[in-house]
Amino acid sequence: QVQLVESGGGLVQPGGSLTLSCAASGSISSVYTMGWYRQAPGKERELVARVGSGSTAVYADSVKGRFTISRDRAKNTVYLQMNNLKPEDTAVYYCNVDLRLSAGSRYPHWGQGTQVTVSS
């Protein structure tokens, strides 16, 4: 009923930039918090950034000042602009969207994940 399609991952050198996007489509009634999480090999999935329906953004301390999250309400899309990337940013990045289906139920949905590798 709902699809989250991520794009924008890839290989980048330290200090480089990437922009991730995640578009939600399907039988959606309302979209609430949209966010990005990441999971590095051998580590737990962690919050990177999230933005609420009021556009208030929250960032992990490790990415403050380097990453910017934004959303396009008309397109049900969330973006993550990543600047000054570091090797420790290497991970699979997942979008997470809290939304209500047209049928009425509300719960978070996960994207399929996109690999970000920062290496020289």
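Going by the structure above, here's the rest.
We now turn to the structure provided with this report. Note that the structure is a prediction, hence the values are computed from the model and not measured. (Residues numbered from 1 in each chain as written. Predicted model: local features only at pLDDT ≥ 70, side-chain atom pairs only at ≥ 80, totals over all residues. Heavy atoms only, no water.)

1. Notes on the overall build of the chain
Item 1. The helix and strand inventory of the chain stands at zero helices and eleven strands.
Item 2. Counting from the amino terminus, the chain carries its helices and strands in the arrangement β-β-β-β-β-β-β-β-β-β-β.
Item 3. Its C-alpha atoms give the chain a radius of gyration of 14 Å, within 12% of the compact-globule value 14 Å for 120 residues.
Item 4. When the backbone C-alpha atoms are referred to their principal axes, the chain occupies close to 45 × 25 × 25 Å.
Item 5. The buried share of the chain, taken over its 120 residues, is 41%. (Helix = DSSP H or I, 4+ residues; strand = E, 2+ residues; numbered from the N terminus. Rg over C-alpha atoms; globule rule 2.2 N^0.38 Å. Buried < 20%, exposed > 50% of the residue type's maximum accessible area, 1.4 Å probe, protein only.)

2. Some words on the nonpolar core
Item 1. The biggest cluster of nonpolar side chains holds 31 residues, and the ones touching the most others in it are Trp36, Val48, Phe67, Leu80, Met82 and Tyr93.
Item 2. If you list the elements that add at least two residues to this core, you get β1 (2–7), β3 (18–26), β4 (28–39), β5 (46–51), β7 (67–72), β8 (77–82), β9 (91–101) and β11 (114–118).
Item 3. Examining the composition of this core, we find that six residues originate from one element, β9, more than from any other. (Core = buried A, V, L, I, M, F, W, Y, C linked by side-chain atoms within 4.5 Å.)

3. Re the pairing of β1
Item 1. Of the two faces of β1, the one lined by Val2, Leu4 and Glu6 is fully buried and the one lined by Gln3, Val5 and Ser7 carries no buried residue.
Item 2. The pairing of β1 with β3 spans six bridges and is antiparallel. Bridge assignment links Ser7 to a residue of β3, and that residue is Ser21. (Pairing = 2+ DSSP bridges.)

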